[in-house]
Amino acid sequence: MLEDELISIADRQIQLASEQQEDKLSEDIAKIRVELSKRGMLRGSTLVLMVQKACAQAISERGEFIWEILFRCIQTIEIEYDKNLEQQLKSIVSKHLPEQVESLSSLVLEAAKQARMQNLASLPDEVGKARGAVLNKIYTEIELFLVQLKHSTPKATPYSPSQVYNFHNSNIGAIQTGSGSTANVTQQVNPQSVPEVLRAFTLIQEKLLSIESLPSSDKSEVIEIVDDGINELKKVKPNISKIKSFISAVGDSISLTADLKPAYEVLKSAALMVGVNLP
């Protein structure tokens, strides 16, 4: 059986990696919105399908790093075969890959709301399929590992050098695993970032009313994104990942509009406080 201390370490590392993945996913979805807005397709089912596909891919990738992190944690100790070990490992994996991953489901629902799609039941459950596939793959890996462990001579598992997982465009730099590894994680979000971003969004909201159109995006859709961003920023505990996605979407939409250049520069400055680099 795995000790509680080791399970706790694996849980924390998996949670950190999942949070980083969700930050990156929010930014990718923001880019999808911008691209569809330019093509006048933001109100259709294409948005929902593309967001769902991105979430399904995220589930597959999450399963891969969950098992990799868990296996690396196991490698740091001497472990012998135990008949209860299989269920313990599978339980840890399934805990981090529940049937409903709320953070991903909310992204699909948000896209459906923006696309004004009423009946999500008509869509194939790509996220569920991806989850089932990656769980089956991991469970097979666990079973193979236990067969090897069962037939091996008890001994210390060979030392595994530290592995660093880097997550770009995120407010947490890296996750380090391996024997003897330590990692200091710093949340790089300026306390003044939320009011500064809110000030920028409010300015953009006002300026949008004074122009007739945007050169590369639908003005009404950009206004809606700005409004959603302001609503999120006014919450007691705003979601930083969502804020970053709103910043990326709005920045890409207004960057080429001369009349909005001053407002864009204000947004660009505020964006740096939450780790978003606008061009």
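Since the structure is predicted, the reported quantities are computational estimates derived from the model, not experimental observations.

Scoring rules and cut-offs
- Residues numbered from 1 in each chain as written.
- Predicted model: local features only at pLDDT ≥ 70, side-chain atom pairs only at ≥ 80, totals over all residues.
- Heavy atoms only, no water.
- Helix = DSSP H or I, 4+ residues; strand = E, 2+ residues; numbered from the N terminus.
- Buried < 20%, exposed > 50% of the residue type's maximum accessible area, 1.4 Å probe, protein only.
- Contact = heavy atoms within 4.5 Å.
- Areas by Shrake-Rupley, 256 points an atom, 1.4 Å probe, with all protein chains shown as cover.
- pLDDT = per-residue confidence, 0-100.
- Polar contact = N/O pair within 3.5 Å; in protein donor to acceptor, adjacent residues only side chain to side chain.
- 1 Å grid on protein atoms, 1.4 Å probe; cavity = no way out; pocket = protein on both sides within 12 Å on 5 of 7 lines; lining within 4 Å.
- Points joined across faces, edges and corners; volume = space filled by probe spheres on them.
- Nonpolar A, V, L, I, M, F, W, Y, C, P; charged D, E, K, R; others polar.
- Axes fitted to C-alpha atoms, helices over the stretch in contact; angles between N-to-C directions.
- Parallel < 35°, antiparallel > 145°, perpendicular 65-115°, else oblique.
- Phe/Tyr/Trp six-rings, centres within 6.5 Å; stacked < 30°, edge-to-face > 60°.
- Expected span 1.5 Å × (residues − 1).
- Left-handed = near helix turned anticlockwise from the far one by under 90°.

Draft legend 1. Just the overall build of the protein chain, in detail. Helix and strand counts for the protein chain come out as nine helices and two strands. Listing each helix as α and each strand as β along the protein chain from the N terminus yields α-α-α-α-α-β-β-α-α-α-α. The buried share of the protein chain, taken over its 279 residues, is 44%. Sequence-distant contacts, at least 24 apart, represent 75% of the contacts inside the protein chain between residues at least 6 apart. A total accessible area of about 14700 Å² is found for the protein chain, and carbon and sulfur atoms account for 51% of it.

Draft legend 2. Molecular detail of the confidence of the model for the protein chain. Of all residues in the protein chain, 84% attain a pLDDT of 70 or more, and the chain-wide mean is 80. In this model, residues 156-189 is a region of pLDDT below 50 whose contacts with residues beyond four sequence positions or in other chains number 77 contacts.

Draft legend 3. Structural context of the side chain of S37. Topologically, S37 is positioned in helix α1 (residues 4-38). Since its relative accessible area comes to 5%, S37 is described here as buried. A distance of 3.5 Å separates a polar side-chain atom of S37 from the backbone nitrogen of D218. In this view, S37 contacts L42, S217, D218 and E221; residues no more than four positions away in its chain are not counted.

Draft legend 4. Representation of empty space enclosed by the protein. Evaluation of the coordinates by the stated rule reveals one cavity of 30 Å³ or more. Within this model, the largest cavity holds a volume of roughly 50 Å³. Of the residues forming the lining of the largest cavity, the biggest block, three residues, is contributed by α1. A per-class count over the lining of the largest cavity returns two nonpolar, two polar and three charged.

Draft legend 5. Structural context of the packing of helix α2 (residues 45-74) against helix α4 (residues 102-115). α4 packs onto α2 with a crossing angle of 170 degrees between their chain directions and a minimal axis gap of 9 Å. One way to sum up the angle between α2 and α4 is to call them roughly antiparallel. Listed contacts from α4 to L47, V48, V51, Q52, C55 and I59 of α2 are L104, L107, V108, A111, A112, Q114 and A115. Residue classes in the contact of α2 with α4 are distributed as 11 nonpolar, two polar and no charged.

Draft legend 6. The arrangement of the packing of aromatic side chains in detail. Under the criterion given, the structure shown has three aromatic pairs. When the ring of W67 is compared with that of F145, the centres are 6.4 Å apart and the planes differ by 65 degrees; the resulting orientation is edge-to-face. Taken together, the residues span a long stretch of sequence, with W67 in helix α2 and F145 in helix α5 (residues 126-150) at a distance of 78 residues. Classification of W67 by relative accessible area gives buried; the value is 12%.

Draft legend 7. Examining helix α9 (residues 261-272) more closely. The first and last C-alpha atoms of α9 sit 17 Å apart over 12 residues, in line with the 16 Å expected at 1.5 Å per residue. Those residues of α9 that are buried are in contact with α6 (193-208) and α8 (240-254).

Draft legend 8. How the structure looks around the environment of D23. Its place among the elements puts D23 in helix α1. Spatially, the C-alpha atom of D23 lies 10.0 Å from that of I243, the residues being 220 residues apart in sequence.

Draft legend 9. Spotlight on the packing of α1 against α2. It is the contact of α1 with α2, at a shortest axis distance of 9 Å, that shows an interaxial angle of 160 degrees. The pairing of α1 with α2 is recorded here as roughly antiparallel in orientation. Crossing hand, α1 versus α2: right-handed. The residue makeup of the contact of α1 with α2, split by class, is 21 nonpolar, four polar and four charged.

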